[in-house]
Amino acid sequence: MNAPADRFPSPSAHTRALQALDSAHFLHPFTDHQALAAKGARVITRAEGIYVWDSEGHRILDGMSGLWCVNAGYGRRELAEAAYRQMLELPFYNAFFQTTTEPAVRLAQRLTALAPPVNGRRFSHVFFTSSGSEANDTNVRLVRRYWDLMGQPQRKVIISRWNAYHGSTVAAASLGGMAGMHAQGDLPIPGIVHIEQPYYWQHRRSDETPAAFGLRAARWLEEKILEVGPERVAAFIAEPVQGAGGVIIPPETYWPEVQRIVDKYGILLISDEVICAFGRLGHWFAYERFGTQPDLVTFAKAVTSGYIPLGGVLVNERVARVLIEGGEFTHGYTYSGHPVACAVALANLDLMAREHLPERVRHDTGPYLAQRFAELTDHPLVGVAETCGFVAGLILVRDKATLAPFPEEWAVGMTCRAHCFDTGVVMRAVGDRMIIAPPLVMTRADIDDMIALIRRALDATWADLRQQGKTAPGVS
Ligand SMILES: *Cc1c(COP(=O)(O)O)cnc(C)c1O
């Protein structure tokens with residue numbers, strides 16, 4: 001017997017009690033609560049290194065770094081100690097009353113020093129928030145304020161991309177391109193328009209190379225600018241590699257062409273690096289990886305390795321100077337520059353620098369992950385496997401020769417995700433695209449373990465499909 005029930009006996013009374021209370025009182029983010037109540041939430045109780053444990057004692061390799069954020073891995077005492085020390089000394093003070101705190105000052109200085117200049121212009125300032133969503137809301141206000149101060153108040157339109165994820169507040173969800181989110185609450189708000197994503201496997205023409213496709217996809221931006229009217233466009237916002245959309249890695253030709261286009265029309269470029277910064281793509285910032293020259297860089301998640309909420313916007317001096325000379329910018333959050341969050345971020349950046357995590361991903365573990373991940377294409381279910389630094393995605397297909405997909409209603413990705421959990425590895429499913437974003441502290445041996453678990457989950461998914469007669473005709 002290898003039914004899941006065999007390996008996972010019915011949950012303990014304590015777990016069941018927590019699951020009942022969870023259903024009774026906790027509204028989860030992005031969750032179908034009826035489906036969750038029927039099943040009961042998995043209760044995660046502790047974590048160490050790259051593993052989490054649930055309340056039934058199962059150890060699970062966290063291939064998603066929590067939610068793209070625990071880059072330094074779990075159980076890092078110095079982050080807890082930084083928070084503890086700061087809480088005892090000064091748990092909170094605001095930055096509104098012409099006051100400041102040392103951790104916020106030091107972190108702003110540190111981040112601006114870490115971010116390489118673009119076109120000879122520095123990132124001189126940081127605006128702090130507590131999340132990526134708030135940071136992107138800040139971007140909308142900041143960009144509009146900038147163009148008002150520049151005497152071009154008609155420049156209000158922000159261009160984004162379908163299937164982008166920029167957060168879940170009203171403005172951030174509008175910037176995002178998730179149809180399911182727009183369908184609830186009359187989004188997007190006015191002044192935000194979208195172009196198609198640079199997803200080769202979705203949009204390629206027959207015989208089109210990735211390089212040719214990358215150029216064509218970038219030119220959708222120019223077409224949209226001309227459609228809106230260049231004098232009305234304020235900014236273009238994009239994730240260097242789309243995360244929540246399914247780890248969409250653009251062809252190498254895409255970003256240079258986008259840069260040429262935003263430069264041509266004088267449009268601000270917002271690089272939403274909430275996932276891609278802090279070593280995820282093998283650099284401190286993802287614009288270094290793609291050679292773009294953003295004016296604003298959104299960050300959150302891994303700036304503290306997820307140990308405490310913090311986000312913000314790195315502001316290039318091109319924009320910062322105008323903003324500062326313009327007088328008061330009537331925007332801010334109670335927790336902008338929260339001293340405890342900033343102290344944890346400083347300790348996290350120290351740790352990442354000491355352990356050379358971005359360099360390790362760039363030169364050692366990233367290339368190794370790419371090699372091991374590519375091997376998965378020998379599996380009968382896997383049509384495509386691609387990585388960029390420490391994010392990776394593979395496409396489950398019905399027919400490897402043609403890359404023909406499974407019918408959507410079979411939800412093969414969700415089946416695979418369930419098998420991953422049962423096997424002991426967290427992988428996320430975006431449709432039939434299976435994705436990972438593992439902790440950057442992984443060793444080569446950890447990567448081997450992860451690949452072995454993924455392979456087992458793929459085998460289990462394949463066995464299900466065969467049993468149900470759902471493999472492609474002629475495939476056995
Ligand atoms: C997660 C995410 C956000 C939103 O951050 P929150 O902290 O959840 O508000 C914004 N942009 C990107 C690219 C993200 O991945």
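To be clear, the structure that these remarks concern was listed above.
The paragraphs below set out a description of the structure included in this document. Every chain begins its residue count from 1, and numbering advances along the sequence as written. Owing to the predicted nature of the model, reporting of local features is limited to residues with pLDDT of at least 70; listing and counting of side-chain atom pairs is limited to 80 or more, with chain, interface and lining totals taken over all residues. Side-chain metrics in this entry use all non-hydrogen atoms of the structure; hydrogen atoms and water are not considered.

### Comments concerning the overall build of the protein
Then, in step 1: Each helix is a run of DSSP H or I of at least 4 residues and each strand a run of E of at least 2, with the numbering of both proceeding from the N terminus. When helices and strands are counted, the protein shows 18 helices and 14 strands.
Then, in step 2: Projected onto its principal axes, the C-alpha coordinates of the protein cover approximately 70 × 60 × 45 Å.
Then, in step 3: By residue count, 54% of the 476 residues in the protein fall in the buried class.
Then, in step 4: Throughout, a residue-residue contact means that at least one pair of heavy atoms, one from each residue, lies within 4.5 Å. For the protein, contacts bridging at least 24 residues in sequence account for 70% of all contacts bridging at least 6.
Then, in step 5: In these tables, accessible area is a Shrake-Rupley quantity obtained with a 1.4 Å probe, and a residue counts as shielded only by the protein chains included in the view. Looking at the protein as shown, the accessible area adds up to about 20700 Å², and 54% of this sits on carbon and sulfur atoms.
Then, in step 6: Charge convention: Lys and Arg are scored as positive, Asp and Glu as negative, and His as well as the terminal groups of each chain are ignored. One atom stands in for each charge, and that atom is NZ of Lys, CZ of Arg, CG of Asp or CD of Glu. Counting 46 positive and 50 negative side-chain charges, the protein places the centres of these two groups 1 Å from one another. Here's how the labels work: a residue is buried when its accessible area is under 20% of the maximum for its type, exposed when over 50%, partly exposed in between, all with a 1.4 Å probe on protein chains only.

### Focus on the packing of aromatic side chains
Then, in step 1: Note on aromatic pairs: the rings of Phe, Tyr and Trp (six-membered ring only in Trp) are paired at centre separations within 6.5 Å, and the planes decide the class, stacked below 30 degrees, edge-to-face beyond 60, tilted for the rest. According to the stated counting rule, one finds 14 aromatic pairs in the structure shown.
Then, in step 2: When the centroid spacing of 4.9 Å and the interplanar angle of 75° are considered together, the rings of Y146 and W147 count as edge-to-face. Of the two residues, Y146 and W147, neither departs from the other in class, the shared state being buried.
Then, in step 3: Among the aromatic residues, those joined into a cluster by ring pairs are F123, F278, F285, Y287 and F299.
Then, in step 4: In this scheme, the term charge over a ring applies when either NZ of a lysine or CZ of an arginine sits within 6 Å of the ring centre and within 35 degrees of the ring normal. One cation-aromatic arrangement involves R59 over Y51; the distance from NZ or CZ to the ring centre is 3.8 Å.

### As for the site of the ligand
Then, in step 1: With respect to spatial proximity, the complete set of residues near the ligand consists of S131, G132, S133, N136, Y165, H166, G167, E239, D272, V274, I275 and K301.
Then, in step 2: Here a polar contact means two N or O atoms within 3.5 Å. Within protein one must be a hydrogen donor candidate and the other an acceptor candidate, and residues neighboring in sequence count only if both atoms are side-chain atoms. Between an oxygen atom of the ligand and a side-chain N or O atom of K301, the distance comes to 2.7 Å.
Then, in step 3: For the ligand, the protein covers 84% of the area, taking 380 Å² as the surface of the free molecule.
Then, in step 4: Broken down by element, the shell around the ligand gets its largest block of residues, 3 residues, from helix 7 (residues 132-149).
Then, in step 5: Grouping the constituent residues of the shell around the ligand by class yields 3 nonpolar, 6 polar and 3 charged. Whether a residue is near a molecule or strand is decided by its heavy atoms; if any one of them lies within 4 Å of it, the residue is near. For this scheme, ten residues count as nonpolar: Ala, Val, Leu, Ile, Met, Phe, Trp, Tyr, Cys and Pro. Four count as charged, namely Asp, Glu, Lys and Arg, and the remainder, Gly too, count as polar.

### Quick word on the sheet that holds strand 2 (residues 51-54)
Then, in step 1: A pair of strands is considered paired only if DSSP assigns at least 2 bridges between the two. Judged by pairing direction, the sheet is antiparallel, and its 3 strands sit side by side in the order 1-2-3 without closing on themselves. The sheet terminates laterally at strand 1 (44-48) and strand 3 (59-61), the two strands that pair on one side only. Going from strand to strand, the sheet's axes swing by 30° on average, the running direction of each strand aside.
Then, in step 2: Inspection of the sheet shows strand 2 paired to strand 3 by 3 bridges, in the antiparallel sense. Bridging from a neighbouring strand, V52 pairs with I60 of strand 3. For helices, the fitted axis covers only the stretch in contact; all axes are lines through C-alpha atoms, and the angles between them, taken along N-to-C directions, range from 0 to 180 degrees.

### Details of the nonpolar core
Then, in step 1: Here, the term nonpolar core denotes a set of buried Ala, Val, Leu, Ile, Met, Phe, Trp, Tyr and Cys residues that are joined through side-chain atoms within 4.5 Å. With 72 residues, the main nonpolar core has F278, F373 and L394 as its most contacted residues.
Then, in step 2: For this core, the leading source of residues is helix 15 (residues 339-354), giving 10 residues.
Then, in step 3: Taken domain by domain, the makeup of this core includes at least three residues from each of domain 1 (13-72 + 357-467) and domain 2 (80-354).
Then, in step 4: By size, the runner-up hydrophobic cluster in this structure holds 42 residues, among which are M64, W68, V70 and L281. Source of the domain bounds: an automatic or database domain assignment.

### Focus on the packing of helix 6 (residues 102-114) against helix 15
Then, in step 1: For the pair helix 6 and helix 15, interaxial distance at closest approach is 8 Å and the crossing angle is 40°. Here helix 6 lies oblique to helix 15, going by the angle between them. Here helix 6 runs over helix 15; the crossing is left-handed. Taking contact as the criterion, the partners of P103, A104, R106, L107, R110, L111 and L114 in helix 6 are, on helix 15, P339, C342, A343, A345, L346, L349 and D350.
Then, in step 2: Taken together, the residues that form the contact of helix 6 with helix 15 break down as 11 nonpolar, no polar and 3 charged. Should an angle fall under 35 degrees it is taken as roughly parallel, and over 145 as roughly antiparallel, whereas 65 to 115 is taken as roughly perpendicular and any remaining angle as oblique. Should the near helix be turned counterclockwise from the far one by less than a right angle, the crossing is left-handed, whereas a clockwise turn marks it as right-handed.

### Describing the pattern of salt bridges
Then, in step 1: Salt bridge, as applied in this entry: a Lys or Arg side-chain nitrogen positioned within 4 Å of an Asp or Glu carboxyl oxygen. One pass over the full model with this rule turns up 22 salt bridges.
Then, in step 2: A salt bridge links D148 to K156; the shortest N-O distance between them is 3.0 Å.
Then, in step 3: The shortest N-O distance in the salt bridge between E222 and R260 comes to 3.6 Å. With E222 in helix 11 (residues 210-228) and R260 in helix 12 (residues 254-265), the pair connects residues that are 38 residues apart, well separated along the chain.
Then, in step 4: Judged by relative accessible area, R260 falls into the partly exposed class, the value being 38%.
Then, in step 5: One salt-bridge network, held together by shared partners, links R219, E222, E257, R260 and K264.

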